Amino acid sequence: MESKYNYFKRDISWLSFNYRVLLEALDERLPLYERINFISIYSSNLEEFYKIRVADHKAVASGATESDEETVQSARELVEEINKEVTRQLDDRVRIYEQKILPALRKNHIIFYQDNHVEPFHQQFIKDFFREEIFPYLQPVPVSKDKIVSFLRDNRLYLAIRVYPKKEEKNKGEEPKENIEKYTGECINERNDGEGIKVGMEAARPNVTDLRQPLYFVMKQPYAKVPRFIELPSREKNHYLMFTEDIIKANLNLIFPGYDVDSSYCIKISRDADILIDDTASSADLVAQLKKKVKKRKIGDVCRFVYDRAMPSEFLDFLVDAFRIQRDELVPGDKHLNLEDLRHLPNPNKSLHSLEKPKPMKLTVLDEKESIFNYVAQKDLLLYYPYHSFEHFIHFLYEAVHNPETREIMVTQYRVAENSAVINTLIAAAQNGKKVTVFVELKARFDEENNLATAEMMQAAGIKIIYSIPGLKVHAKVALIRRRGLNGEKIPSYAYISTGNFNEKTATLYADCGLFTCRKEIVADLYNLFRTLQGKEDPKFTTLLVARFNLIPELNRLIDREISLADEGKQGRIILKMNALQDPTMIDRLYEASEHGVQIDLIVRGICCLIPGQSYSRNIRVTRIVDSFLEHARIWYFGNDGKPKVFMGSPDWMRRNLYRRIEAITPVLAPDLRDNLIEMLDIQLADNQKACWVDDKLQNIFKKRTPGTPAVRAQYTFYDWLNKTNS
């Protein structure tokens, strides 16, 4: 039955979020290099988006795969719509970069060369640097429509070059191919250099009847050997930077002597990075599949061909034909591609200050009591990362390792840091004679290899490893410390439920929450959840909400309660904070609640398929916050007639989270901690510095500060509030 409601398209909504990230580069209140970093984040996000989401749509559009959610025609139309919106955004990115960022760098005495103009006092340095540091690593590879062409590696920058034989060579009766052969070296013979490049040099030889026929080459930029950005000698108070590719372009005549270099342009390929595995396979088969298929990620099908938009049409047409690029794979870019590399841009002007981000604080109550076990035995504890130090959680595990009453440590692992202190502590626990069980989700995208390697390392140390459940992903972020007295008496066990991963790196970058508790009902539910992950029973949960078990029925009951209150003339109130809202069924419930007069505020960072501003959503407001830290917490508030219910946990309201994953959500039962979370939500809704309304056209409308009201920058205001209450 067709719904009477409408929804934003998931991927177009995501593009709106990523555009909001780009807009941070316009905020002149931020330190300059922070603004530059947001261009990097925008570009990196877009790269992954094409590798996964657009690649999936293209597979449907080509008929290679089938989908229950879209037809071949709708997939083609969506890819076209995506490319159109991305092209519009990239136009803005170019303007922001060229008209805002570069002049700001220049104002701060950093001259970032962008074109052919180089000051005379740098020209010799550039030639010398090219000859000594870059030239030995360059390998031009000929391109022909009719011969085998080079394999373009995923997300690597290449120069596409067009040259013509010099006329004077013809007058001397010499074939200029010798010079080409000299500088392409072993490319002359057909070969494979280990990076997928396979060419035949005969494709590059000029037509002897017409020596002015163009020749085309591609040349991979050697970033493994040479940095992307080169610092040139300073002059007076000015510092100078240059892209490596611009240094190469300035010296192409040295690579192609005997030829006129006509032009050169940057190109890159994005390839399908999704891994299709048999999700019903056993753990052993799944491990074998991942080991094999993850290595093929870099040779997936083309999903995007990005090129310098200044490239002439006939040049582009030649490359499209030679590399067999489909027209819907073409995405025009700027002169300089892969701007995600801007996060590595050198800062030679030391007077430029970086952003003073909130420093993780340690709780004074824990400093006084030393033992987290002792504190949590008396009352629940809620930590807010990155405002609070993740070291408290490490210390929690450390206590479990050395506590003689610890019987077992149970943890889920979705994404962990490399050289993880969490993993090292778990290994220490196993070596200390503790029973340790870790559920490892192997299907965490882009972390498959790291998770597998970490799991094998833990297994070698004596930790019991449970691998992915067939047909499901386990996304819950939970830990359980089971204890028993030395004489067999019952003593408190400890549960930890988080909105973020057990990853000390992202705990300094992502805004998350983690709850420690000894409440028997939560501990029992969490133990049942771990038994479920081991396939031992069909559990009953009394307090925790677990996706695929009791989550959806309880959400429906909570929404129904607010609708009933509104129907009675009382206040129906819902506040939902999450990363993404996409599931049509739950969106329909929010639309229905709005129609009954329930006041709903959504704080959704990324995808939001709910359309505000409609007759059926007139009581719904959508807020988006992008700032120093990535908003990652999932917190849900239901007014409940003045007796609010507040929940926190791992799931967003997406189909995959609600129906195809194991997720865990806990009610926050301690009144003071519940009130603290409500305070955080109120601060975020009051943000008038970094918050936007998302309107009915997916525009990011910045909230304006009302005259006479204080400036509220939610992340920093909440940090100050936590700091004042840390006593």
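Our structure's up above, just so we're on the same page.
The structure displayed is predicted, hence computed values, not measured ones.

Student: Describe the overall build of the chain, listing the residues and the values that go with them.
Tutor: A tally of helices and strands in the chain yields 21 helices and 28 strands. For the chain, with 727 residues in total, the buried portion stands at 59%. Considering only intrachain contacts with a sequence separation of at least 6, the fraction spanning at least 24 residues in the chain is 77%. Counting every atom, the chain has about 31500 Å² of accessible surface; 47% of that belongs to carbon and sulfur.

Student: Give a description of the side chain of arginine 482 that names residues and reports values.
Tutor: You can see arginine 482 is positioned in strand β15 (residues 477-483). For arginine 482, the residues in contact, after removing those within four places along its chain, are Glu405, Thr406, Arg407, Glu408, Met410, Ser493 and Tyr527.

Student: For the sheet that holds strand β5 (residues 229-235), give the residues involved together with the corresponding values.
Tutor: Reading across from one edge, β1-β6-β5 is the order of the 3 strands in this open sheet, with mixed pairing throughout. Strand pairing shows two members of the sheet lacking a second neighbour, β1 (110-113) and β5, which therefore form its edges. Looking at each pair of strands side by side, their axes are set apart by 25° on average, direction ignored. Strands in contact with helix α3 (residues 72-107) are β1 and β6 (238-243); relative to β1, the strand with the most contacts, it is inclined by about 135°. Sheet contacts for helix α4 (residues 120-134): β1, β5 and β6; angle to β5, the most-contacted strand, approximately 145°.

Student: How would you sum up the environment of asparagine 37? Please name residues and give values.
Tutor: Within the secondary structure layout, asparagine 37 lies in helix α2 (residues 32-61). Given a relative accessible area of 25%, asparagine 37 falls into the partly exposed group. Measuring from C-alpha to C-alpha, the distance between asparagine 37 and glutamate 24 comes to 9.3 Å, with 13 residues separating the pair along the chain.

Student: Can you lay out α3 for me, pointing to particular residues and giving the numbers?
Tutor: Across its 36 residues, α3 extends 51 Å between first and last C-alpha, which sits within 8% of the 52 Å expected from 1.5 Å per residue. The largest bend in α3 comes to about 30°, at tyrosine 97. Histidine 109 occupies a position one or two residues after α3 and carries a positive phi of about 65°.

Student: Got a sec to walk through the packing of helix α20 (residues 671-686) against helix α21 (residues 714-725)? Specific residues and values, please.
Tutor: Their axes nearest at 9 Å, the elements α20 and α21 cross at an angle of 145°. Read as a crossing pair, α20 and α21 show a hand that is right-handed. When α20 is examined against α21, the residues Asn676, Glu679, Met680, Ile683 and Gln684 are found in contact with a partner set consisting of Ala714, Thr717, Phe718 and Trp721. Counted by class, the contact of α20 with α21 contains 5 nonpolar, 3 polar and 1 charged residues.

Student: Describe in detail the nonpolar core, supporting the description with residues and values.
Tutor: Side chains of a nonpolar character, in soluble globular proteins, are inclined to be buried together. The biggest cluster of nonpolar side chains holds 113 residues, and the ones touching the most others in it are Leu105, Leu581, Leu590, Leu602, Leu610, Trp636 and Trp653. Sorting elements by how many residues they give to this core places α2 first, with 11 residues. In this structure, leucine 610 is in contact with Phe8, Leu581, Ile587, Leu590, Tyr591, Leu602, Ile620 and Val622, ignoring residues within four places of it in sequence. Judged by nonpolar contacts, the second largest core, of 43 residues, contains Leu363, Ile427, Leu442 and Tyr496.

Student: Any details on helix α13 (residues 391-402)? Residues and values, ideally.
Tutor: Taking 1.5 Å of rise per residue, 12 residues should cover 16 Å, and α13 covers 16 Å from first to last C-alpha, within 8% of that figure. All of the buried residues along α13 are His392, Phe393, Ile394, Phe396, Leu397, Glu399, Ala400 and Val401.

Student: I'd like a description of the sheet that holds strand β24 (residues 645-649), backed by residues and values.
Tutor: Spatial strand order, β18-β26-β24-β23-β19-β20-β21-β27-β28: 9 strands in an open sheet with mixed pairing. Looking at the sheet topology across the chains shown, the edges are occupied by β18 (545-546) and β28 (700-702). Pairing between β24 and strand β26 (residues 664-667): 3 bridges, direction antiparallel. For glycine 649, the partnering residue across the bridge sits in β26 and is isoleucine 665. Together, β18, β19 (573-578), β23 (634-638), β24 and β26 form the strand contacts of helix α17 (residues 551-567), whose direction differs from that of β23 by roughly 40°.

Student: With reference to specific residues and values, describe the pattern of salt bridges.
Tutor: All told, the structure shown has 45 salt bridges when counted by the stated rule. Of the charged contacts in the structure, one is a salt bridge between lysine 58 and aspartate 328, with a shortest N-O distance of 3.2 Å. With lysine 58 in helix α2 and aspartate 328 in the loop between α10 (313-322) and β9 (330-333), this residue pair connects regions lying 270 residues apart in the sequence. Owing to a relative accessible area of 10%, lysine 58 belongs among the buried residues under this scheme. One salt bridge connects glutamate 314 with arginine 162, and the closest N-O pair in it is separated by 3.5 Å. On the criterion of sequence distance, the pair formed by glutamate 314 in helix α10 and arginine 162 in strand β3 (residues 158-165) is long-range, its members being 152 residues apart. In this structure glutamate 314 comes out as partly exposed when scored by relative accessible area, which is 42%.

Student: Provide a residue-level description of the packing of aromatic side chains, including the pertinent values.
Tutor: Within this structure, the stated rule accounts for 38 aromatic pairs. Taking the centre distance of 6.2 Å and the plane angle of 70° together, the rings of tryptophan 14 and phenylalanine 17 count as edge-to-face. You can see tryptophan 14 and its partner phenylalanine 17 sitting in helix α1 (residues 10-23), 3 residues apart, about one turn around the helix. Classification of tryptophan 14 by relative accessible area gives buried; the value is 15%. Note on phenylalanine 396 and phenylalanine 516: the rings are 4.9 Å apart at their centroids and 75° apart in plane angle, and the pair reads as edge-to-face. With a gap of 120 residues between them, phenylalanine 396 in helix α13 and phenylalanine 516 in strand β17 (residues 510-517) connect regions that are remote in the sequence. Neither residue differs from the other here; phenylalanine 396 and phenylalanine 516 are each classed as buried. Counting every residue linked through ring pairs, the aromatic cluster contains Phe373, Tyr385, Phe390, Phe393, Phe396, Tyr494, Tyr496, Phe502 and Phe516. Its guanidinium or amino end placed over the ring of tyrosine 19, arginine 88 lies 4.8 Å from that ring's centre, counting from NZ or CZ. One residue, arginine 304, lies across the ring of tyrosine 50, its end atom 4.5 Å from the ring centre.

Student: Outline the pairing of strand β8 (residues 302-308), supporting the account with residue identities and numerical values.
Tutor: Counting buried residues along β8, 7 of its 7 residues qualify, which places the element largely inside the surrounding structure. Strand direction decides the pairing type here: strand β7 (residues 259-271) and β8, joined by 5 bridges, are antiparallel. Bridge pairing links serine 270 to arginine 304 in β8. One ladder, built from 4 bridges, connects β8 with β9; its direction is parallel. Across the sheet, aspartate 308 pairs through a bridge with glycine 333, a residue of β9. In this fold, the crossover linking β8 to β9 by way of α10 has right-handed handedness.

Student: Account for the environment of leucine 352, naming residues and giving values.
Tutor: Relative to the helices and strands, leucine 352 resides in the loop between β9 and α11 (364-369). The spacing of leucine 352 and tyrosine 33 is 319 residues in sequence and 8.4 Å in space, taken between C-alpha atoms. When neighbours within four sequence positions are excluded, leucine 352 is seen to be in contact with Leu32, Tyr33, Asn108, Ile110 and Asn347.

Student: If you had to explain the packing of α17 against helix α18 (residues 584-595) to someone new, which residues and values would you point to?
Tutor: Where α17 contacts α18, the two axes come as close as 10 Å, and the packing angle between them is 10°. Relative to α18, α17 is oriented roughly parallel. Every residue of α18 that contacts α17 at Ile552, Leu555, Asn556, Ile559, Asp560 and Ile563 is listed here: Met586, Arg589, Leu590, Glu592 and Ala593. The class makeup of the residues in the contact of α17 with α18 is 7 nonpolar, 1 polar and 3 charged.

Cut-off values and rules
Residues numbered from 1 in each chain as written. Predicted model: local features only at pLDDT ≥ 70, side-chain atom pairs only at ≥ 80, totals over all residues. Heavy atoms only, no water. Helix = DSSP H or I, 4+ residues; strand = E, 2+ residues; numbered from the N terminus. Buried < 20%, exposed > 50% of the residue type's maximum accessible area, 1.4 Å probe, protein only. Contact = heavy atoms within 4.5 Å. Areas by Shrake-Rupley, 256 points an atom, 1.4 Å probe, with all protein chains shown as cover. Pairing = 2+ DSSP bridges. Axes fitted to C-alpha atoms, helices over the stretch in contact; angles between N-to-C directions. Expected span 1.5 Å × (residues − 1). Bend = angle between axes of the 7 residues up to and from the residue. Left-handed = near helix turned anticlockwise from the far one by under 90°. Nonpolar A, V, L, I, M, F, W, Y, C, P; charged D, E, K, R; others polar. Core = buried A, V, L, I, M, F, W, Y, C linked by side-chain atoms within 4.5 Å. Salt bridge = Lys/Arg side-chain N within 4 Å of Asp/Glu carboxyl O. Phe/Tyr/Trp six-rings, centres within 6.5 Å; stacked < 30°, edge-to-face > 60°. Lys NZ or Arg CZ within 6 Å of the ring centre and 35° of its normal. Right-handed = clockwise from strand over helix to strand, strands pointing away. Parallel < 35°, antiparallel > 145°, perpendicular 65-115°, else oblique.

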